[in-house]
Amino acid sequence: MAELQRLLTLLSELDDQLAGCMKCGMCQAVCPLYAETGREMDVARGKLVLVEHLSSQLLNDPQGVQKRLERCLLCGSCAKACPSGVPVVDIFIKARAIIGEYLGLSPTKKLIFRTLLQKPRLMDGMQRLAAATQGLFSKQADPILGSSCARLSAPVIRDRHFLPLAKTPLHRELGEIDEPAGPGGSKVGFYPGCLVDKVFLDVGRDALNLLRHRGHGIFLPGEQVCCGIPALSSGDRQGFERLVGRILDQFEDTGIDYLITPCATCTATIRTIWPLMAEYLPQPEQQRVQNLADKTRDITEFLAEGLEELPREPESESTDKPVITYHDPCHLEKTLSISQAPRRLLRANPEYAFREMSVPDRCCGMGGSFNLQHYDLSRQVGQKKAEDILATGADTVATACPACMIQLVDQLSHTGKSVRVVHALQVYAETLPQQSRKEQQ
Amino acid sequence: MVNKSLIKKFERLLGRENVICEETDRHAYSFDSAVLDPVVPELVLQPGNRDALADVVRLCNENELPLTVRGAGTNLSGGTLPAREKGVVVLINSLNRILEINTEDLYARVEPGVITSQFAQAAAENGLFYPPDPGSQTVSTLGGNVAENAGGLRGLKYGVTKDYVLGVDFYDVDGELIRAGARTVKCATGLNLAQLMVGSEGTLGVFSEIVLKLVPPPAAQQAMLAVFDSVDRASETVSAIIANKILPCTLEFLDNFTIRAVESFRGAGLPTEAGALLLIEVDGHPAQVEEDARRIREICQEMGVTELKVSQSAEEKESVWQARRDALPALARLKPTTVLEDATVPRSKLPAMIRAINDIASRHNLTIGTFGHAGDGNLHPTILTDKRDTEEFKRVERAIEEIFDAALALDGTLSGEHGIGVAKSKFMEKEITRGTILYSQRLKQAVDPKGILNPGKIMGA
């Protein structure tokens with residue numbers, strides 16, 4: 001009983017934020033899950049009521065509420081559209097952490113968040129093993145996308161079309177880097193994020209080339225530590241805090257002016273979720289978190305700052321150039337209001353004709369671990385995105401988040417139509433002089 | 001509790017995934033947009049087609065389960081709250097097909113779960129216009145709009161939902177299909193049951209199909225933002241415009257408190273000392289629009305407008321509209337709880353009504369911002385409070401009752417467009433006679449003897 005009291009006390013800190021919801025239902029218009037299911041417990045308003053009823057003891061089912069909270073992409077569409085400005089994502093993240101702490105972690109989650117993610121070396125070893133054996137159980141699905149699918153029926157993979165793990169993660173390939181800045185450049189910490197480190201290594205290499213080309217000095221740590229969002233969104237605040245602490249240790253006292261990441265989710269996590277959760281930390285720790293958060297920039301935003309504004313070409317239906325379109329990652333567009341920077345990078349490459357898709361900021365349905373737990377629903381949402389991409393007739397779709405890239409590859413690969421999926425910075429990197437591009441390879 | 005064998009029956013009928021009985025899920029259907037205590041239903045059903053809906057109604061009646069149909073659940077008077085005992089919520093959002101848009105005969109047939117703005121969009125794609133635009137139009141359903149007789153910003157010139165309903169097909173309590181109205185503009189066959197269904201709040205039948213009238217869209221529009229130093233001036237301007245035989249499609253009003261809230265929210269440079277602000281839009285043939293807009297500008301000048309902004313382009317129109325669109329969000333952010341009322345008075349009584357609202361606010365020491373539809377006298381006094389402050393909330397309840405009294409004293413009505421639901425049921429007798437309430441109740445008793453169709457709503461205390 002004492003523990004239940006503790007749950008209620010912790011939840012009560014959300015009361016003021018919950019009270020701001022006037023239940024107008026405007027979140028229904030933008031929620032990608034509600035569009036599929038039409039159920040109140042899938043949309044922000046309904047979930048907020050569940051947390052409110054749990055907190056006021058009208059409902060006594062923490063497991064049930066947790067389960068429903070986890071059925072959410074955390075895309076932030078609702079928060080952005082909310083007339084009364086309810087910080088929905090903040091509430092959901094905190095509620096997941098509070099209920100997660102009360103209920104404890106499942107053995108699987110404990111293994112992942114408290115052991116695997118905390119031991120980067122162990123992760124590297126597992127990656128080598130997985131990369132060496134992945135060919136045994138998978139076969140090629142789409143040569144342009146480079147996707148694979150399971151050879152036989154597989155319980156976890158199901159009918160996903162996925163990209164292979166690299167044999168060697170980026171940080172191993174490159175080792176620790178610590179170079180001084182050139183004239184006019186800054187010293188930047190580079191945080192690739194797990195997916196660029198392990199799957200999209202080219203994105204990391206191109207990013208480093210671009211930063212060097214601008215004269216920036218790079219610091220890349222010798223180990224890749226997860227930003228913590230998978231742990232936190234699964235309700236593991238303790239695991240999250242340990243990961244945050246390790247990243248702080250990595251980048252502090254390295255003299256960096258900026259921390260640059262090519263992952264929208266990592267950027268959004270460090271810039272908004274870290275300070276949000278730092279409220280629970282002692283004051284000196286809060287300051288450390290805030291300092292690094294303040295230095296953190298999304299790479300498209302950072303690179304676009306140095307670009308001159310190009311006159312916008314009218315979008316024409318017919319063009320000889322390959323057509324490129326852009327998908328807005330939720331964590332960039334909705335969380336950080338960054339939408340023009342990546343488009344500017346794309347327009348800076350004259351080899352392509354840019355064409356907007358319909359509703360480019362509609363969530364792709366990935367949602368990190370949401371995709372693992374609710375694949376069918378994730379796929380339903382993702383197929384809409386795939387249709388919008390195909391409708392543009394684009395040869396290439398760019399985005400700015402490797403998690404979205406995983407989902408776009410899977411969804412496009414299923415359509416059987418070959419559309420290349422890239423990070424916006426890769427398109428911009430194609431404009432670099434050959435020499436700068438080759439430096440790394 | 002609903003017994004297990006009945007739940008099994010519903011599962012066989014609708015498929016297991018469409019029968020929601022877990023307690024936690026049911027809590028997500030215990031509320032709508034009204035500020036009222038939650039009521040948790042015993043069962044939530046989501047029929048996938050019209051036949052299944054008929055079976056649901058019949059089974060509920062056979063088993064005496066009171067059913068409440070729910071569209072988007074954006075009702076502002078508690079009309080979608082389930083019954084306190086054995087309440088069943090029936091979701092209609094799977095019935096969301098637009099069945100026909102007829103461009104020759106200017107009507108459309110829709111299922112009740114179609115979302116209002118999506119329907120208006122589809123009509124526009126066919127070169128036609130569906131004018132009713134309630135504030136919740138991006139999520140609200142047409143079934144809900146008809147059941148509540150939803151209004152919107154275009155009431156003065158274009159009317160409200162009831163003016164577009166040609167026919168309603170609905171199920172009676174036995175699940176029998178009743179067809180009311182026609183696809184023609186004229187129809188004098190039998191009782192006008194289709195209009196009886198409009199605004200009946202789900203108490204007389206369950207809609208399966210709605211026939212809606214469409215109109216040709218106006219070719220041109222022009223919007224203006226007019227600033228006045230007093231509410232009286234603004235109101236006299238409204239009267240003068242209409243006295244000059246001009247019918248703007250939109251004539252919206254913001255009071256000083258709302259102007260200040262919007263300005264601190266958006267910072268678009270609104271004059272915070274202004275007494276009132278009018279958003280005026282005229283539409284129609286380009287020549288007519290030009291002429292009307294010119295006349296309105298003159299009238300505004302004659303009435304002593306302090307500032308007048310006329311939109312010359314689509315972008316400018318957006319910026320003119322922004323202040324009105326910001327009204328509710330700006331007010332809602334000031335306090336946790338937003339109580340949105342819709343008392344309505346004859347247009348000429350607007351200044352008196354606003355004075356009454358301001359008196360009530362100061363008498364009860366409450367914060368009330370008022371905006372709304374000046375063209376049709378439908379105001380939205382918006383009480384900003386915190387329902388957790390029980391002492392203040394008691395004052396809010398007293399203030400609401402006094403707002404009703406003030407509206408009625410000025411020959412107005414309790415509700416312009418939000419409906420009666422459970423929130424205003426007990427006040428009905430203030431406006432209509434006991435005889436009228438009894439007549440309605442006897443009518444309901446005759447078609448719904450077991451009282452299963454959304455009991456407790458609209459029929460008076």
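What counts and what doesn't
- Residues numbered from 1 in each chain as written.
- Chains lettered and ligands numbered in written order.
- Predicted model: local features only at pLDDT ≥ 70, side-chain atom pairs only at ≥ 80, totals over all residues.
- Helix = DSSP H or I, 4+ residues; strand = E, 2+ residues; numbered from the N terminus.
- Rg over C-alpha atoms; globule rule 2.2 N^0.38 Å.
- Contact = placed C-beta atoms within 7 Å.
- Buried ≥ 20, exposed ≤ 12 C-beta atoms within 10 Å, placed from the backbone.
- Nonpolar A, V, L, I, M, F, W, Y, C, P; charged D, E, K, R; others polar.
- Pairing = 2+ DSSP bridges.
- Axes fitted to C-alpha atoms, helices over the stretch in contact; angles between N-to-C directions.
- Domains from an automatic or database assignment.
- Parallel < 35°, antiparallel > 145°, perpendicular 65-115°, else oblique.
- Left-handed = near helix turned anticlockwise from the far one by under 90°.
- Core = buried A, V, L, I, M, F, W, Y, C linked by C-beta atoms within 7 Å.
- Expected span 1.5 Å × (residues − 1).

## Some words on the overall build of chain B
Counting its regular elements, chain B contains 15 helices and 16 strands. Here chain B has a C-alpha radius of gyration of 23 Å; the compact-globule value for 461 residues is 23 Å, and the two agree. Expressed as lengths along the three principal axes of its C-alpha atoms, the size of chain B is roughly 70 × 60 × 40 Å. Considering only residue pairs separated by 6 or more positions, chain B has 71% of its internal contacts joining residues 24 or more positions apart.

## Quick notes on the overall build of chain A
Looking only at helices and strands, one finds 24 helices and 11 strands in chain A. Taken over the C-alpha trace, chain A has a radius of gyration of 22 Å; the compact-globule value for 441 residues is 22 Å, and the two agree within 12%. Taken along the three principal axes of its C-alpha coordinates, chain A extends 65 × 50 × 50 Å. Residues classed as buried in chain A amount to 50% of the 441 residues present. Restricting to contacts in chain A with at least 6 residues of sequence separation, those with at least 24 account for 77%.

## Considering the interface of chain B and chain A
Every contact between the two is made by 29 residues of chain B and, on the other side, 25 residues of chain A. In terms of residue count, helix 2 (residues 23-27) of chain B provides more of the side of chain B that touches chain A than any other element does, 4 residues in total. Its residues placed into classes, the side of chain B that touches chain A shows 11 nonpolar, 11 polar and 7 charged.

## Quick word on the sheet that holds strand 12 (residues 276-284) of chain B
Residues and elements named next belong to chain B. Strand order in the open sheet formed by 7 strands is 13-10-12-11-15-16-14, and the pairing between neighbours is antiparallel. Of all strands in the sheet, those bounded by a partner on one side alone are strand 13 (307-310) and strand 14 (337-340). The average undirected angle you get between the axes of adjacent strands in this sheet is 15°. With 4 bridges connecting them, strand 14 and strand 16 (residues 378-385) associate as antiparallel partners. Counterpart to T337 in the pairing with strand 16 is T385.

## A few points about the domain arrangement of chain B
Residues and elements named next belong to chain B. Here the domain parsing of chain B yields domain 1 (4-91), domain 2 (98-213), domain 3 (219-332) and domain 4 (335-418). Computed over C-alpha atoms, the centres of domain 3 and domain 4 are 22 Å apart. In this complex, domain 3 contributes 18 residues to the contact, which on the side of domain 4 involves 15 residues. Of all the elements in the fold, those that place two or more residues in the side of domain 3 that touches domain 4 are helix 8 (231-243), strand 11 (250-255), helix 9 (256-266) and helix 11 (314-332). Of the residues that constitute the side of domain 3 that touches domain 4, the class distribution is 12 nonpolar, 3 polar and 3 charged.

## Describing the sheet that holds strand 2 (residues 43-45) of chain B
All names here are of chain B. Taken together, the 4 strands give an open sheet; going across it, the order is 1-2-4-3, and neighbouring strands pair in mixed fashion. Unpaired on one side and paired on the other, strand 1 (19-20) and strand 3 (67-70) mark the two borders of the sheet. The sheet contact formed by strand 2 and strand 4 (residues 88-91) spans 3 bridges and is parallel. Across the sheet, the residue bridging to V44 is V89, located in strand 4.

## Quick look at the environment of G181 of chain B
Among the structural elements, G181 of chain B can be located in strand 8 (residues 177-181). Look at G181 of chain B and you get buried, because 20 C-beta atoms sit within 10 Å.

## Concerning the domain arrangement of chain A
Residue and element names in this part refer to chain A. The domains assigned to chain A are domain 1 (2-103) and domain 2 (121-441). The C-alpha-based centres of domain 1 and domain 2 are spaced at 28 Å. The interface of domain 1 with domain 2 comprises 19 residues on the first partner and 21 residues on the second. Of all the secondary-structure elements, those providing two or more residues to the side of domain 1 that touches domain 2 are helix 3 (32-37), helix 5 (62-70), helix 6 (77-81) and helix 7 (88-103). It is helix 7 that provides the largest number of residues to the side of domain 1 that touches domain 2, a total of 7 residues. A per-class count over the side of domain 1 that touches domain 2 returns 8 nonpolar, 4 polar and 7 charged.

## Brief notes about the packing of helix 8 of chain B against helix 10 (residues 286-302) of chain B
All names here are of chain B. Running from N to C, helix 8 and helix 10 point in directions that differ by 140°, and their axes come no closer than 10 Å. Judged by the inter-axis angle, helix 8 sits oblique to helix 10. Between helix 8 and helix 10 lies a crossing whose hand is right-handed. For the pair helix 8 and helix 10, the contacting residues are T237, A240 and I241 in the first and I296, I299 and C300 in the second. Of the residues belonging to the contact of helix 8 with helix 10, the class tally is 5 nonpolar, 1 polar and no charged.

## Observations regarding the nonpolar core
Residues L425 of chain A together with L212 and L278 of chain B are the most contacted members of the largest nonpolar core, which totals 255 residues. At 9 residues, helix 7 of chain A tops the list of elements feeding residues into this core. Beyond its immediate chain neighbours, meaning those up to four positions away, L425 of chain A contacts V203, D206, A207, L210, P262, I299, T300, L303 and L345 of chain A.

## Some remarks on helix 12 (residues 201-213) of chain A
Residue and element names in this part refer to chain A. Here helix 12 contains 13 residues, and its C-alpha end-to-end distance of 18 Å stays within 8% of the 18 Å for a straight helix at 1.5 Å per residue. The complete set of buried residues in helix 12 reads V203, G204, R205, D206, A207, L208, L210, L211 and R212. Two residues or fewer past helix 12, G215 is found with a positive phi of approximately 90°.

## Focus: the pairing of strand 2 (residues 147-150) of chain A
Looking along a regular strand, one sees side chains alternate from face to face of the sheet. Residues and elements named next belong to chain A. In this sheet, strand 2 lies alongside strand 1 (residues 138-142) in antiparallel orientation, the contact comprising 4 bridges. When the bridges of strand 2 are listed, D142 appears paired with S147. Counting the residues in the hairpin turn of strand 1 and strand 2 gives 4 residues, including G146, whose phi is positive at 75°.

## Side note on helix 4 (residues 44-55) of chain A
Residue and element names in this part refer to chain A. Between its first and last C-alpha atoms helix 4 spans 16 Å; for 12 residues at 1.5 Å apiece the expected length is 16 Å, and the two agree. Most of helix 4 is tucked away: 12 of the 12 residues are buried. Taken from the residues just after helix 4, Q57 is the one with a positive phi, measuring 60°.

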